[in-house]
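Descriptive analysis of the structure
Read off the chains here:
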Amino acid sequence: MIILGIETSCDETAAAVLQKTGKQIKILSNVVASSATLQAKYGGVIPEQAAREQLRSIIPVIQEALTSAFKSTSSSKISNFKFQISKIDAIAVTYGPGLIGSLLVGVETAKTLALTWNKPLIPVNHLLGHFYANWITSTHLPGAQAHLEGVPKFPCIGLLVSGGHTDLVLFEDYNKYKYLGGTRDDAAGECFDKCARLLGLPYPGGPQIAKLAQTGNPDKFILPIPMRESKDFDFSYSGLKTAVANLIKETGKLSQQEKADLASSIEQTIVTSLIDKVVLAIQHYNIDQIMVAGGVAANQRLKEELESRVKSQGKKIKLHIPPPELCTDNAAMIASAAFFLNPIKNPVILQANPNLSL
Ligand code: KG4
Ligand code: ZN
């Protein structure tokens, strides 16, 4: 089974081709184009600008994904294209949540391709898609791990940490999960982005804070760990952002070292608050499998500290985190999820849903 995945929920335009053989899911191609230079210039994503960029790049990105997945020997572009299309068994597309203009670009393109190529269309919830990056077992991509060992087993605690969502769920089976808790205000990624802005760092802030934090001391500035005392599975990050804003106001102009120290404290505080709730959940439900997904899962400190907290639990717990390039938005995770979902009966009626939740 070979699936072409399409993802355009935020500012990325992404297409990927994945193949499932038995339990193995392999990436044949994975293309992501983002308007990163525009984001850095304007300090974030401007929805209409993002959608315009996506309209321009969607077809070239899909063509590149197909061309790099299937090497063809013919010199004719048309027969190459026919050959590539003939290899695809289904098309998967993100239909929400996200920016409506951006989602429409992917959804309408996927519907058109499914109808003209006569292929089944599989709609994928972007949030669920993030988790399925953990089921990708191998990739030919340069620089990526040759084989990612062991996919998650059920029951499994899932933590989704992205720019717009922070959710904790208990997966009982594929696509069958119980919602345990989520953020009451800002998402973890959003907090990284807002704090980065306060420190004068460009968007997206998570990788910038992580980089600066490497030379900082997390104990120089003490920040409150959100929701530490609450015994539920909820998160909250708007108070942390306000604490950082107040601290900067009180301290005045920060030296480069102070900025690094503060970045380190912010990163440490977010990481600790996330891990606290994951540990609470595995203890409460007596679970030995954890999977993390979403852009913030690319954070190295989160990975290292989660590994060491999990080890200190005494029993053998398996931790699954995708490689960094599969944590941030991509179409490979959408195609991967589609292997476990059903096609829509009538592609024409598929509608983008910007407010979709888990
Ligand atoms: O999943 P994602 O790519 O897009 C959404 O669905 O939102 O997540 C983007 C978020 C941004 O807030 C970004 O700052 C954060 O993930 N992020 C990171 C890192 N890489 C991306 N946060 C912390 N450390 C990172 N290395
Ligand atoms: Zn995402």
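Scoring rules and cut-offs
Residues numbered from 1 in each chain as written. Chains lettered and ligands numbered in written order. Predicted model: local features only at pLDDT ≥ 70, side-chain atom pairs only at ≥ 80, totals over all residues. Heavy atoms only, no water. Helix = DSSP H or I, 4+ residues; strand = E, 2+ residues; numbered from the N terminus. Rg over C-alpha atoms; globule rule 2.2 N^0.38 Å. Buried < 20%, exposed > 50% of the residue type's maximum accessible area, 1.4 Å probe, protein only. Contact = heavy atoms within 4.5 Å. Areas by Shrake-Rupley, 256 points an atom, 1.4 Å probe, with all protein chains shown as cover. Pairing = 2+ DSSP bridges. Axes fitted to C-alpha atoms, helices over the stretch in contact; angles between N-to-C directions. Donors = N, O, S within 2.8 Å, 3.2 Å for Na, K, Ca; no water. Core = buried A, V, L, I, M, F, W, Y, C linked by side-chain atoms within 4.5 Å. Expected span 1.5 Å × (residues − 1). Arc of directions from axis to C-beta. 1 Å grid on protein atoms, 1.4 Å probe; cavity = no way out; pocket = protein on both sides within 12 Å on 5 of 7 lines; lining within 4 Å. Points joined across faces, edges and corners; volume = space filled by probe spheres on them. Nonpolar A, V, L, I, M, F, W, Y, C, P; charged D, E, K, R; others polar. Phe/Tyr/Trp six-rings, centres within 6.5 Å; stacked < 30°, edge-to-face > 60°. Polar contact = N/O pair within 3.5 Å; in protein donor to acceptor, adjacent residues only side chain to side chain.

**Notes on the overall build of the protein chain**
When you go through the protein chain residue by residue, the secondary structure sums to twelve helices and eleven strands. Its C-alpha atoms give the protein chain a radius of gyration of 21 Å, within 12% of the compact-globule value 21 Å for 358 residues. If you line up the protein chain on its principal axes, its C-alpha atoms span 65 × 45 × 35 Å. For the protein chain, the residues scored as buried account for 53% of the 358 residues in total. Sequence-distant contacts in the protein chain: of pairs separated by 6 or more residues, those separated by 24 or more amount to 74%. Approximately 16100 Å² of the protein chain is accessible, and the part contributed by carbon and sulfur atoms is 53%.

**Structural notes on the sheet that holds strand β1 (residues 2–7)**
For sheets, the rule is that strands pair by backbone hydrogen bonds, running either parallel or antiparallel. Spatial ordering of the open sheet is given by β5-β4-β1-β2-β3-β6, a layout of six strands whose pairing is mixed. Each edge of the open sheet is held by one strand with a lone partner, namely β5 (121–125) and β6 (138–139). Here four bridges tie β1 to strand β4 (residues 90–96), and the two strands are oriented parallel to one another. Counted as the bridge partner of I6 is V93 from β4. Helix-sheet contacts for helix α2 (residues 47–69) involve β1, β2 (12–21) and β3 (24–34), and the interaxial angle to β2 is about 25 degrees.

**Observations concerning the coordination of the zinc ion (ligand 2)**
Looking at the metal site, the zinc ion (ligand 2) is ligated by H126 (NE2), H130 (NE2) and D329 (OD), spaced 2.0 to 2.1 Å from it. Read N to C, the donor residues that coordinate the zinc ion (ligand 2) are spaced as H-x3-H-x198-D. Taken together, the residues span a long stretch of sequence, with H126 in helix α5 (residues 126–132) and D329 in the loop between α11 (324–327) and α12 (332–338) at a distance of 203 residues.

**Quick notes on the nonpolar core**
In terms of nonpolar packing, the biggest core is built from 49 residues, with L168, L262, I266, I270, L274 and V292 touching the most fellow members. With twelve residues, helix α9 (residues 256–285) is the single largest residue contributor to this core. If sequence neighbours within four positions are ignored, I270 has contacts with A188, C191, F192, Y237 and L240. A16, W135, M333 and A337 belong to the second-largest nonpolar core, a separate cluster that totals 33 residues.

**Considering helix α8 (residues 238–251)**
Given a rise of 1.5 Å per residue, 14 residues ought to cover 20 Å, and the 20 Å separating the end C-alpha atoms of α8 matches this to within 8%. Among the residues making up α8, those that are buried are L240, V244, L247 and I248. Here the buried residues of α8 occupy an arc of 95 degrees about the axis, which is enough to place them on one side. Across α8 from its buried face, at more than 90 degrees, point the exposed residues K249 and E250. Residues of α8 that are buried sit in contact with α6 (188–198) and α9. Positive phi appears at G252, one or two residues downstream of α8, with a value of about 80 degrees.

**What about the layout of surface pockets?**
The space that makes up the largest pocket amounts to roughly 1100 Å³. At five residues, the largest contribution of residues to the lining of the largest pocket is made by helix α7 (residues 205–213). Its residues assigned to classes, the lining of the largest pocket shows 17 nonpolar, 18 polar and nine charged.

**Side note on the packing of aromatic side chains**
For the structure shown, the criterion picks out eleven aromatic pairs. With centroids separated by 6.0 Å and ring planes inclined at 35 degrees, the aromatic side chains of F233 and Y285 adopt a geometry described as tilted. One end of the pair, F233, is in the loop between α7 and α8; the other, Y285, is in helix α9, with 52 residues separating them in the sequence. When its relative accessible area of 26% is taken as the criterion, Y285 is described as partly exposed. Through successive ring pairs, a cluster of aromatic residues spans Y132, W135, F154, Y174 and F340.

**Brief notes about the pairing of strand β9 (residues 176–182)**
Where strand β8 (residues 166–173) meets β9, six bridges bridge the pair, whose relative direction is antiparallel. Paired with D173 across the strands is K176, a residue of β9. What sits between the antiparallel neighbours β8 and β9 is a turn of two residues, in which N175 has the positive phi angle 60 degrees.

**Regarding the environment of K277**
Among the structural elements, K277 can be located in helix α9. Each C-alpha atom of the pair K277 and K241 lies 19 Å from the other, and the pair is 36 residues apart in sequence. Apart from the residues within four sequence positions on either side, K277 is in contact with L168, M227, S230, D232, F233, D234 and F235. Within polar-contact distance, the side chain of K277 engages the side chain of S230 at 2.8 Å.

**Some details on the environment of Q289**
One can find Q289 in strand β10 (residues 289–293). Since its relative accessible area comes to 10%, Q289 is described here as buried. For the pair Q289 and V278, spaced eleven residues apart in sequence, the C-alpha separation works out to 11 Å. With residues near it in sequence (within four places) discarded, Q289 still touches P152, K153, P155, C156, I157, I317, K318 and H320. Here H320 takes part through its side chain, which lies 2.8 Å from a polar atom of the side chain of Q289.

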